[in-house]
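# Structural characterization, general
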2 protein chains.
Amino acid sequence: MTTTQVLSVALGERSYPICIGTGLLSQGHALLPVIHAGQTVVIVTNETVGPLYLERAKGLFQNGTVVTHELADGEQWKTPAAALSIIDTALENGAARDSLFVALGGGVVGDITGFAAAAFMRGVSFLQIPTTLLAQVDSSVGGKTGVNHARGKNLIGAFHQPKAVLIDIDTLNTLQEREYAAGLAEVIKYGAIADPAFFEWLEANIGALRERETEALTHAIYRSCELKALIVAEDEREQGRRALLNFGHTFGHAIEACTNYNTWLHGEAVALGMIMAARMSALPQEDIERLVRLLDAAGLPTAAVDVSATDLLAAMLHDKKVAQGRVRLILLRSLGDAFVTGDYDDAHLQRVLEQ
Amino acid sequence: MTTTQVLSVALGERSYPICIGTGLLSQGHALLPVIHAGQTVVIVTNETVGPLYLERAKGLFQNGTVVTHELADGEQWKTPAAALSIIDTALENGAARDSLFVALGGGVVGDITGFAAAAFMRGVSFLQIPTTLLAQVDSSVGGKTGVNHARGKNLIGAFHQPKAVLIDIDTLNTLQEREYAAGLAEVIKYGAIADPAFFEWLEANIGALRERETEALTHAIYRSCELKALIVAEDEREQGRRALLNFGHTFGHAIEACTNYNTWLHGEAVALGMIMAARMSALPQEDIERLVRLLDAAGLPTAAVDVSATDLLAAMLHDKKVAQGRVRLILLRSLGDAFVTGDYDDAHLQRVLEQ
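Residues numbered from 1 in each chain as written. Chains lettered and ligands numbered in written order. Predicted model: local features only at pLDDT ≥ 70, side-chain atom pairs only at ≥ 80, totals over all residues. Heavy atoms only, no water.

### A closer look at the overall build of chain A
As a reminder, the rule being used: Numbering of helices and strands starts at the N terminus; helices are DSSP runs of H or I of at least 4 residues and strands are runs of E of at least 2. Only C-alpha atoms enter the radius of gyration, while the globule expectation follows 2.2 Å times N to the 0.38, with N the number of residues. Note on exposure labels: buried denotes an accessible area under 20% of the residue type's maximum, exposed denotes more than 50%, and partly exposed covers the range between, all computed with a 1.4 Å probe on protein chains only. In what follows, residue pairs with any heavy atoms lying within 4.5 Å of each other are defined as contacts. Throughout, the Shrake-Rupley method with a 1.4 Å probe supplies accessible areas, and for residues the shown protein chains are the sole cover considered. Charge assignment in this entry is limited to Lys and Arg as positive and Asp and Glu as negative, and neither His nor the chain termini are counted. Where a charge lies is defined by one atom per residue type, namely NZ (Lys), CZ (Arg), CG (Asp) and CD (Glu).
Helix and strand counts for chain A stand at 13 helices and 11 strands. In terms of overall size, chain A behaves like a compact globule, its C-alpha atoms giving a radius of gyration of 20 Å where 355 residues would be expected to give roughly 20 Å. Overall, chain A is about 60 × 45 × 35 Å in size when its C-alpha atoms are taken along their principal axes. When the 355 residues of chain A are sorted by exposure, 61% land in the buried category. For chain A, long-range pairs separated by at least 24 residues make up 73% of all intrachain contacts whose partners lie at least 6 apart in sequence. Accessible surface for chain A amounts to roughly 13,500 Å². Of this, 48% is attributable to carbon and sulfur atoms. Across chain A, 28 positive and 41 negative side-chain charges occur, with their mean positions spaced 6 Å apart.

Right, dumping it as structure tokens:
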């Protein structure tokens, strides 16, 4: 028996459903956008995910004229050229304003495809079918799309909400252990910034999650998406509260940049970044240790990285969230309650970076 | 004595003022966005407009850190690469989320700069300072931005509203006769689609307009922007009524495409396209003649072009406004009253294209 859970991202006329369950790629879901006969559907995937799930995904759009586009796998290919290549394929196959773009893959595929959909004819519909845990709980929800620039990640992009997000938990069966753990980092983040009870639930169920047990996994994904959806609905374009979602990310991006993006997965860098952010917060030592323990139990790195404090600080200053020269940080009041601030002690920051 | 006229484009939180007057580049205007000390202002212009007006434009932003970027002049340079080159310059000079992009030039500069502003860090503020009549009455107002693709114009872009539009009529003094007349085509369009009284005023004042008399010009630009602003406010993302602004453009784009964009200026092609659209409409012969006479008096072409009907029809089918294979046309009920329809006689279309 399978149950599909559906939650809604409430954004007025841009609202959309997130469908979470097993077997969804085979059976689809009633909430999927309706494709009219002959409508062009451009499914974008990559060389890793395509062989596994493309045929099943095509089955969801039998009414339409399906066109497929395969990207190379990897963050280094998340470029303006990749987004343009999708648009080339779309135009070569007669795509028009009423076409639907579909992102089938992880966060990189989703971000590139979403940006291509945003820019193609000033915006066409798109659908997210995330196949990694990270994409399912984070990048597929909220409408942030984009590609990288030589000077930094996601510096070129758009806010463009999908028409729906289809999360088939079965696709996680083919996900490598390390990638899976990296996704858990974002799940833990939601507990840490917005929901102490969820944080406790994660502490109690991290074993089941590591075993990818369907029930625990469904709950973790549902609650993560729900927390993200609530925050996004309040602040779609990141003028305020949405910045909380970047907990651990300012430090994490700096770690990634200083290691040339070839040492840590994004989720791993975020795990390390969350520990640094927790250490910058006025938290009891015991709470910092709870966070470290949970990340460790999730299979994530918790140990210091071999990067100089000077390099980290320089990389943080390059982050696009820098307002008027001062790095703003997301810190914790307690586990489950985050806030944004530019008011912190620079010497304290220096000590944390050196640690 | 100079009077600045200000009208507002009413788009809720994205509302913005259009300031129209003489000497504005020298004196600025109280409604310009306030630049805080050190804020990066990226002024984009081209090799033709830069030498004439860049120094004056820089004077408007003395508080900020001004960076300039010069594009090549011409529609053939309206490419994704041009938009990326602006972003490169912005990043090389420390631009961030709070930076302001400024478009100083004609429609091409405005469209490219607007798209760069839309995509840079998922959207930064931008200001339009249009220096051609066409840009002043059309492309600078309404938030359509974009670049061309080998397969067609404006196929890559975004809806991104400026913070303000600064129209300094003095800049028209350096505009070539043919470019100026091309701008008048869009002015005449507003009369034809939405305001019979304005159409009559244009018939009475076309002589003064050709002489670029300040009073007539100010009124023509103000009323054109006002009519466009009203339509855009009703339908920002072109789901319905905004399509009326494309009167003459479906035919015009086809004419441009079939002549490799090297025979007619955009406004000239639109003039020819409006005559074709009028001939497709159920209009009295006398009204068609009034339109032709007015366009002719404005210095615009009215004679048939040397392009085959077959090529024109093929080009029209490539237009991005094609919904499900049927070209939708903007036709006139009468001079001053347009509507969109897919319900027309194909044989009639064939005859008009052959004419």
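### A closer look at the relation of the copies chain A and chain B
Which entries qualify depends on this criterion: Residues reaching a pLDDT of at least 70 in both copies supply the C-alpha atoms on which the copies are superposed by least squares.
Overlaying chain A with chain B gives an RMSD of 0.0 Å, the required rotation being 180° about an axis along which the chain moves by 0.0 Å. What the superposition gives is, in effect, a two-fold axis relating one chain to the other. Mapped onto chain B, 100% of the interface residues of chain A again fall at the interface, so both copies present the same surface.

### Regarding the interface of chain A and chain B
Rules: Here the quantity called buried area is the accessible surface, traced with a 1.4 Å probe, that two parts lose on coming together, added over both. The salt bridge criterion pairs a side-chain nitrogen of Lys or Arg with a carboxyl oxygen of Asp or Glu, the two atoms within 4 Å. As used in this structure description, the phrase polar contact means that two N or O atoms lie within 3.5 Å; if the pair is within protein, one of them must be able to donate a hydrogen and the other to accept it, and residues adjacent in sequence are counted only when both atoms belong to side chains. The residue classification treats Ala, Val, Leu, Ile, Met, Phe, Trp, Tyr, Cys and Pro as nonpolar and Asp, Glu, Lys and Arg as charged. All others, Gly included, are polar.
Opposite the 32 residues of chain A that make contact, chain B presents 32 residues. Summing both partners gives a buried area of about 2,800 Å² for chain A against chain B, and 56% of it is carried by carbon and sulfur. Applying the counting rule to chain A against chain B returns 0 salt bridges. Our count for the contact surface shared by chain A and chain B stands at 8 residue pairs in polar contact (both at pLDDT 80 or more). Sorting the residues of the side of chain A that touches chain B by element identifies α3 (80-92), α4 (107-119), β7 (144-149) and β8 (152-159) of chain A as the ones contributing at least two each. Each residue belonging to the side of chain A that touches chain B can be placed in one class, and the counts come to 15 nonpolar, 6 polar and 11 charged.

### Things to note about empty space enclosed by the protein
Note the threshold: Here a cavity denotes grid points, spaced 1 Å and computed from the protein atoms alone, that fit a 1.4 Å probe unable to get out, and a pocket denotes an open set having protein on both sides within 12 Å along at least 5 of 7 lines; residues with an atom within 4 Å of a point are the lining. Grid points are joined across faces, edges and corners, and a volume is the space filled by probe spheres set on the points.
Within the structure shown, the criterion is met by 2 cavities of 30 Å³ or more. Taken as a whole, the largest cavity spans an internal volume of roughly 150 Å³. The wall of the largest cavity is formed by 14 residues, among which P80(A), F115(A), P80(B), L84(B) and F115(B) lie closest to the centre. Every element with two or more residues in the lining of the largest cavity is listed here: α3 and α4 of chain A together with α3 (80-92) and α4 (107-119) of chain B. Taken together, the residues that form the lining of the largest cavity break down as 14 nonpolar, no polar and no charged. The volume enclosed by the second largest cavity comes to roughly 30 Å³.

### Examining the pairing of strand β9 (residues 164-168) of chain A
All names here are of chain A. Quick reminder of the rule: In this analysis, strands are considered paired if DSSP registers two or more bridges between them.
Extensive coverage of β9 is indicated by the burial of 5 of its 5 residues. Of the two faces of β9, the one carrying A164, L166 and D168 and the one carrying V165 and I167 are both buried. In this structure, strand β2 (residues 16-21) lies alongside β9, joined through 4 bridges in parallel fashion. Paired with G21 across the strands is D168, a residue of β9. Here strand β6 (residues 125-130) pairs with β9 via 2 bridges, running parallel. When the bridges of β9 are listed, Q128 appears paired with V165.

### As for the sheet that holds strand β1 (residues 5-9) of chain A
Residues and elements named next belong to chain A. Heads up, the rule is: In this analysis an axis means a line fitted to C-alpha atoms, helices contributing only their contacting stretch, and an angle means the value between N-to-C directions, from 0 to 180 degrees.
Read from one edge of the open sheet, 7 strands run β1-β2-β9-β6-β5-β3-β4, paired in mixed fashion. The open sheet has two edge strands, β1 and β4 (65-71), and neither has a second partner. Along the sheet, successive strands turn relative to each other by an average axial angle of 20°, direction set aside. Bridging between β1 and β2 involves 5 bridges; their strand directions are antiparallel. Bridging from a neighbouring strand, Q5 pairs with I20 of β2. Its contacts with the sheet place α3 against β3 (40-46), β4 and β5 (100-105), and it is angled at close to 155° to β4. Here helix α8 (residues 214-234) sits on the sheet and contacts β1, β2 and β9; the angle it forms with β1, its principal contact strand, is near 10°.

### Thoughts on unusual backbone geometry
Only a minority of non-glycine residues have a phi that is not negative, and only a minority of peptide bonds are not trans. Residue and element names in this part refer to chain A. Its identity as a non-glycine residue notwithstanding, R212 has a phi of 60°, on the positive side. Within the secondary structure layout, R212 lies in the loop between α7 (196-210) and α8. Accessibility expressed as a relative area gives 17% for R212, which makes it buried.

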